[in-house]
Amino acid sequence: MADPAPGSSLVHVVAGILRDPGGRVLVAQRPEGKQHAGCWEFPGGKVEPGETPEAALTRELREELGIRARVGRRRIAIPHAPIRLDVREIESFEGHPRSREHQRLRWIEPERVDRTLLPLADRPALTSLCLPDRYMITPVPEDGRESAFLSTIESALEDGIGLIQLRLPAWSREHVAALARRVRDLCRGSGARILLHADWRLAAILGLDGVHLPARVARALAARPLGHGSLVAVSCHDRAELRHAAEIGADFATLSPIEATRSHPQANALGWKTASAWLDDAGLPVFALGGLGAEQCIRALDSGFQGIAAISAFWRPDRIF
Ligand SMILES: Nc1nc2c([nH]c(=O)n2[C@H]2C[C@H](O)[C@@H](COP(=O)(O)OP(=O)(O)OP(=O)(O)O)O2)c(=O)[nH]1
Ligand SMILES: [Mg+2]
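Numbering of residues starts from 1 in every chain and runs along the sequence as written. Going through the entries in the order they are written, you letter the chains from A and number the ligands from 1. Under the rules for a predicted model, residues below a pLDDT of 70 receive no local features and side-chain atom pairs below 80 are neither given nor counted, while totals for whole chains, interfaces and linings still include all residues. Values shown for side chains rest on all heavy atoms present in the structure; no hydrogens or waters enter the calculation.

- An unreviewed UniProt entry lists the protein under the name 8-oxo-dGTP diphosphatase, from Dokdonella immobilis.
- The annotation that UniProt attaches to the protein under Sequence similarities (unreviewed entry) is "Belongs to the Nudix hydrolase family."
- Entered under Cofactor (unreviewed entry) in the UniProt record, the comment concerning the protein runs "Mg(2+)". UniProt positions are given in the numbering used here, feature names are shortened, and annotations may be inferred rather than shown by experiment.

**Here's the deal with the packing of aromatic side chains**
Ring pairs (aromatic) are described by centroid distance and by the angle formed between their planes.
Here is step 1: For Phe, Tyr and Trp, rings pair up if their centres lie within 6.5 Å, where Trp contributes its six-membered ring, and each pair is then called stacked (planes under 30 degrees apart), edge-to-face (over 60) or tilted (otherwise). As enumerated under the stated definition, the model contains five aromatic pairs in all.
Here is step 2: Ring pairs connect the aromatic residues Tyr135, Phe252 and Phe287, which therefore count as one cluster.

**Some remarks on the sheet that holds strand E15 (residues 307–310)**
Here is step 1: Two strands form a pair only when DSSP identifies at least two bridges running between them. What counts as a helix is a DSSP run of H or I of at least four residues, what counts as a strand is a run of E of at least two, and both are numbered from the N terminus. Spatially, E8-E9-E10-E11-E12-E13-E14-E15 is the arrangement adopted by the eight strands of the closed barrel, whose pairing is parallel. Strand-to-strand twist across the sheet, computed as the mean angle between neighbouring axes with direction ignored, equals 25°.
Here is step 2: Note that strand E14 (residues 286–289) and E15 share three bridges and pair parallel. Note on E15: the bridge partner recorded for Phe287 is Gly307.
Here is step 3: Packed on one face of the sheet, helix H4 (residues 173–190) meets strand E9 (163–166) and strand E10 (193–197) and runs near 165° to E10.
Here is step 4: Contacts: residue pairs with any heavy atoms within 4.5 Å of one another. Note on geometry: axes are C-alpha line fits, over the in-contact stretch for helices, and angles between N-to-C directions span 0 to 180 degrees. Along the sheet, helix H7 (residues 239–247) makes contact with strand E12 (231–236), strand E13 (252–255) and E14, crossing E12 at roughly 165°.

**Here's the deal with the site of ligand 1**
Here is step 1: Among the 18 residues in the neighbourhood of ligand 1, the closest are listed as Arg30, Gln35, Phe42, Lys46 and Asp122.
Here is step 2: Here Phe42 contributes a backbone N or O atom positioned 2.7 Å from a nitrogen atom of ligand 1.
Here is step 3: Within the side chain of Lys46, one N or O atom sits 2.3 Å away from an oxygen atom of ligand 1.
Here is step 4: Using a 1.4 Å probe, accessible areas were evaluated by the Shrake-Rupley method; residue-level cover was limited to the displayed protein chains. For ligand 1, whose unbound accessible area comes to 610 Å², protein coverage reaches 82%.
Here is step 5: The set of elements that each furnish at least two residues to the shell around ligand 1 consists of strand E1 (11–17), strand E4 (44–46), helix H1 (53–65) and strand E6 (83–94).
Here is step 6: If one sorts the elements of the shell around ligand 1 by residue count, E4 sits on top with three residues.
Here is step 7: Three categories are distinguished: nonpolar for Ala, Val, Leu, Ile, Met, Phe, Trp, Tyr, Cys and Pro, charged for Asp, Glu, Lys and Arg, and polar for the others, with Gly belonging to the last. Of the residues belonging to the shell around ligand 1, the class tally is seven nonpolar, four polar and seven charged. Nearness is judged by heavy atoms alone; a residue qualifies as near a molecule or strand once a single heavy atom is within 4 Å of it. Polar contacts, as counted here, are pairs of nitrogen or oxygen atoms within 3.5 Å of one another; within protein the pair requires one atom able to donate a hydrogen and one able to accept it, and residues that are adjacent in sequence qualify only if both atoms are side-chain atoms.

Below you can see the structure in the form of structure tokens.
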């Protein structure tokens, strides 16, 4: 049986991400007398009956900021009763945003926003703004090939990869720790973030940026195992796993396999349509994973994903300069 339309009983609220040329985003402080007064939010408001979300957001941005905005793709949708927050990229706008409803406005780098000043519904949207659209997962190096492995990591960092999962599932803890330290030092040098597969305790001991939990590990947890100073990601394969990832407060998820993949030939591909429908009520940023090439990133973004996660699309050991 088909799932009911996600969020159908929730009030549909649209909010816009406006950016300045320096990559800062616009946040507004909700004025006295309104719900969540004092909280910082992304400008927007409720969709009126009969209005499309795009028309509603264009109207709200005209009323609240006096600008003419072109509404772009959805970045993330977050069901958070009684609302469903539908966060859209603003492709461009005319006019200079100014406060028309007594709200304070501020342009700020997403990384500098204090998440505790945002309403709960906005926090996954902030996380999404702080994550890149490419997530590289490492293959397991063959014995004695660690230096070639580290050079490939360096090439990926030069290519602008900013988020990496070190995945060494069958290795001993000591062996993982030794390689993880070296990968960590490379990542630190270029400002990229490194997550360790499964072992969050070791990730914390080594000062890595967080952990990526396999589905079976996440299933056994009732809350995220690391604080908000670290990233917690979860591998998901269906709607129930996505829901659980959001419930334990994970920062983001991967959803796989989107397409048929050689590495997991036994798994049935979800397909873009099904996967993208699940994002309507996922409530956290989700990377598309499984059988994807780097050129499918645009399709992933247009389908509501954070971007794509992959091994082979980003791992280029034989790169010739
Ligand atoms: N605009 C906006 N509203 C948000 C965000 N996060 C969040 O929880 N909300 C909540 C606050 C409100 O309960 C609801 C949207 O209300 P709103 O006051 O902006 O609606 P509106 O512009 O249509 O104004 P109003 O006429 O109802 O006062 O969604 C956000 O980032 N932007
Ligand atoms: Mg509003």
